[in-house]
Amino acid sequence: MRDQDVIVLQEPRLTAVERLYLPQILDGLRTTLRHMFSLARRRQTVRQYPEDTRQGRGELRIANYRGVHRLNKDPHGRVACVACFMCSTACPVQCIHIEAGESPWPDREKCPVKFDIDELRCIYCGFCEEACPVDAIELTPHYELVGRTREEMILDKEKLLAVYERTKELKPRKNPPITDYGLTGGQPPEVSRPNVQGKV
Amino acid sequence: MQDQDVQRVERLLRSPWVVIGAGVLLLALVGGLLALTFPLYRDLLASPFWFPIIVMTGMLMLILTSTAICILAERKIAAFTQDRHGPNRVGWWGLLQPVADGLKFLLKEDIIPRNVDRPLFLLAPCLSLTISLIGFAIIPWAGQVHWPWMEPGATVSTQVASLDIGVLYLLAVGSLGVYGVVLAGYASNNKYSFYGGMRAAAQMISYELPLGLALVCLLLTTGSLRLEVIVQQQATSGLWYVFIHPLVFLLVLVSGFAETNRLPFDLPEAEQELVGGYHTEYSSMKFAMFFLAEYAHMITGSALMIALFFGGWAPLPFSSWLADRTTWWAMLVRLGIYLGKIGLFIGLFMLVRWTLPRFRFDQLMRLAWRSLAPIGLGLVAGMAVLTAIGLHRTWWACLALNLLVTLVVLRLAAHARRPVTGRQEDLPDLNVFPIGTPTGVIDHA
């Protein structure tokens with residue numbers, strides 16, 4: 001590093017009033033009091049979660065939200081996955097376990113016999129969704145995932161397909177399968193564009 | 001039951017009228033009971049021996065209950081200053097949260113670590129709570145009261161103990177409070193707890209000094225250590241001492257914050273540095289006792305400051321209304337006013353806590369020794385001069401002295417190069433282990 005690259009920051013010189021510390025304390029108290037008595041600001045900031053959700057307010061960005069996984073079905077009702085192992089390879093925590101089998105359909109060679117995702121291990125990074133060449137695996141806006149045992153939290157193929165059935169109205173499958181890399185998700189731009197509303 | 005019925009009952013229970021009705025019912029019940037049993041305690045109320053005991057019991061109950069409410073208030077104020085709602089699930093707007101908290105504390109497992117100093121470990125929370133509660137003995141809650149059935153002219157005092165050394169007693173008890181903290185830190189056999197306790201001791205000793213000096217100035221003006229006399233003086237003249245001694249009040253306020261270990265001076269329990277400070281190893285009810293002690297301490301501190309500077313039970317500044325009344329309704333009004341003032345003070349304590357960041361330890365020490373103590377010394381010297389020329393009871397002389405010292409301080413501050421609390425680079429360069437020296441080797445050369 002050269003000497004001219006070093007930026008020396010000087011602490012700003014305090015004025016006589018600031019050095020006394022007391023006026024600054026009063027200033028701080030004014031700020032906290034202002035926040036204390038502004039109900040509107042509080043209402044805007046806080047969501048009373050179980051009754052008032054982001055989705056209920058229409059603030060959840062459905063196309064981008066990374067919640068529980070689902071396995072998509074193609075228009076004929078078949079599982080869209082071709083068991084290419086791209087997602088389990090891309091997965092940074094190895095939470096996807098696939099066993100491939102011969103496909104009964106003429107348009108593809110393989111299909112998954114087993115497709116398990118350990119939802120406790122998953123970090124919801126969305127790499128699997130990006131890796132999938134046929135847009136079969138997707139993350140949904142569902143985040144209320146609970147279970148009593150660890151085994152229950154390993155979602156198998158049937159459960160993942162059931163998630164698709166539950167969420168296909170909310171977030172339709174991108175069709176045709178090769179799409180714009182999940183940028184819009186087929187939603188209008190005001191829904192899909194990130195940071196469309198200013199942060200509170 | 002049908003789902004709709006459940007919802008209807010739920011809605012009914014959530015409505016504010018239920019809690020208002022319950023409150024009115026409770027008041028009516030207590031009032032009715034008191035009215036029915038009146039002949040039983042009529043003579044006790046008039047007795048100068050029993051009446052203080054009744055006051056003591058009542059106030060003890062009130063304070064222990066209000067500490068629980070204080071905790072709720074603290075959380076609510078914390079939430080409101082941070083644009084949150086705070087606890088609002090238990091009861092109406094979270095009003096039953098203290099009950100839930102208390103139950104939780106009672107039911108939690110009480111862990112005593114194996115390597116602690118057992119007797120001291122058990123003693124510390126009791127000591128802490130007891131000491132913070134005995135301070136209430138000398139608070140003059142509502143002055144003298146004359147019950148209608150007493151002989152004309154006779155009165156009983158609402159003060160539990162009228163001590164000649166009133167203010168000194170409060171100072172002594174207030175600084176005893178640190179014993180609980182130090183013992184807890186020592187007995188825990190944990191270096192972070194111990195460090196917290198040591199910090200508390202050092203802080204207490206440092207801030208006793210400005211507090212004592214400031215109180216000396218005030219006591220030269222009042223001429224008495226009895227709290228009830230000080231309050232009566234203010235109530236009669238209407239000149240609260242905060243108007244006469246504003247700078248003295250400021251010193252007492254800052255020291256009061258430090259004495260109660262509240263933010264910005266809560267270094268003994270600094271979570272970020274000391275895990276939990278002196279109560280790291282405590283759990284369940286013993287932890288709750290430390291908690292109660294802190295809030296009780298806060299209430300004592302506020303009561304002391306109000307008695308000394310804000311006229312105690314005196315309702316209005318610059319007026320002597322109610323000052324010489326001894327009827328029972330005047331007593332109730334005074335009590336309400338005292339408690340209201342304490343509430344306001346505690347609100348200030350909490351608001352300050354959620355506004356200011358914590359001091360570094362050297363800043364804390366520098367604030368006490370380099371700025372508060374010299375100001376206190378200057379004030380004492382000035383008051384000594386005023387006493388010598390016989391002006392220590394005149395309000396304008398005291399006010400002029402306070403303003404003069406304030407101006408001098410402002411003048412000095414305008415020329416100081418550093419803030420009073422100092423900066424990181426002002427720390428002494430101890431250089432115990434210079435870089436490159438292996439730390440295990442001591443060079444004796």
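Look a little higher up for the structure.
Re the overall build of chain B
Line of reasoning, step 1. Helices and strands together make up the secondary structure of chain B, namely 16 helices and two strands.
Line of reasoning, step 2. For chain B, with 445 residues in total, the buried portion stands at 39%.
Line of reasoning, step 3. Sequence-distant contacts, at least 24 apart, represent 77% of the contacts inside chain B between residues at least 6 apart.

Some words on the packing of helix α2 (residues 22-36) of chain A against helix α4 (residues 50-81) of chain B
Two packed helices can be described by the angle between their axes and the distance between those axes.
Line of reasoning, step 1. At a minimum axis separation of 7 Å, α2(A) and α4(B) run at an interaxial angle of 95°. As the angle between them shows, α2(A) and α4(B) are arranged roughly perpendicular. For the pair α2(A) and α4(B), contact is made by Thr32(A), His35(A) and Met36(A) and by Ile77(B), Phe80(B) and Thr81(B), respectively.
Line of reasoning, step 2. Classifying every residue of the contact of α2(A) with α4(B) gives three nonpolar, three polar and no charged.

Some thoughts on the packing of helix α6 (residues 118-134) of chain B against helix α7 (residues 166-187) of chain B
All names here are of chain B.
Line of reasoning, step 1. In contact at an axis separation of 8 Å, α6 and α7 are set at 165° when each is read in the N-to-C sense. Of the possible angle classes, the one that applies to α6 and α7 is roughly antiparallel. Note on packing geometry: the crossing formed by α6 with α7 is left-handed. Counted together, Leu120, Phe121, Leu123, Ala124, Pro125, Leu127, Ser128, Ile131, Ser132 and Ile134 of α6 and Val173, Leu176, Gly177, Tyr179, Gly180, Val181, Leu183, Ala184, Tyr186 and Ala187 of α7 form the full contact between these two elements.
Line of reasoning, step 2. For the contact of α6 with α7, the residue count by class is 16 nonpolar, four polar and no charged.

Observations regarding the environment of Gly340(B)
All names here are of chain B.
Line of reasoning, step 1. Looking at where Gly340 falls in the secondary structure, it is placed in helix α14 (residues 328-353).
Line of reasoning, step 2. Judged by the 12 C-beta atoms lying within 10 Å of it, Gly340 is exposed.
Line of reasoning, step 3. Distance in space between the C-alpha atoms of Gly340 and Trp313 is 9.5 Å, their sequence separation being 27 residues.

Structural notes on the sheet that holds strand β5 (residues 154-155) of chain A
All names here are of chain A.
Line of reasoning, step 1. Spatially, the three strands line up as an open sheet ordered β2-β3-β5, and their pairing is antiparallel. Each edge of the open sheet carries a strand with a single partner, namely β2 (96-102) and β5.
Line of reasoning, step 2. The pairing of β2 with strand β3 (residues 110-118) spans seven bridges and is antiparallel. Its bridge partner lying in β3, Ile96 is registered against Ile117.
Line of reasoning, step 3. Packed onto the sheet, helix α6 (residues 157-167) meets β3 and β5 and runs at close to 85° relative to β3.

Comments concerning the nonpolar core
Line of reasoning, step 1. Counting 108 residues, the largest nonpolar core has Ala214(B), Val248(B), Ala307(B) and Leu379(B) as the members making the most contacts within it.
Line of reasoning, step 2. Among the elements that take part in this core, helix α13 (residues 284-309) of chain B stands out by supplying 16 residues, more than any other.
Line of reasoning, step 3. Ignoring sequence-local partners within four residues, the contact set of Ala214(B) consists of Val248(B), Leu251(B), Val252(B), Gly376(B) and Leu379(B).
Line of reasoning, step 4. The next biggest cluster of nonpolar side chains, apart from the first, holds 22 residues, and it includes Ala80(A), Ile96(A), Cys132(A) and Ala136(A).

Each value, and the rule that gives it
- Residues numbered from 1 in each chain as written.
- Chains lettered and ligands numbered in written order.
- Predicted model: local features only at pLDDT ≥ 70, side-chain atom pairs only at ≥ 80, totals over all residues.
- Helix = DSSP H or I, 4+ residues; strand = E, 2+ residues; numbered from the N terminus.
- Buried ≥ 20, exposed ≤ 12 C-beta atoms within 10 Å, placed from the backbone.
- Contact = placed C-beta atoms within 7 Å.
- Axes fitted to C-alpha atoms, helices over the stretch in contact; angles between N-to-C directions.
- Parallel < 35°, antiparallel > 145°, perpendicular 65-115°, else oblique.
- Nonpolar A, V, L, I, M, F, W, Y, C, P; charged D, E, K, R; others polar.
- Left-handed = near helix turned anticlockwise from the far one by under 90°.
- Pairing = 2+ DSSP bridges.
- Core = buried A, V, L, I, M, F, W, Y, C linked by C-beta atoms within 7 Å.

That's the geometry; what it means functionally is another story.
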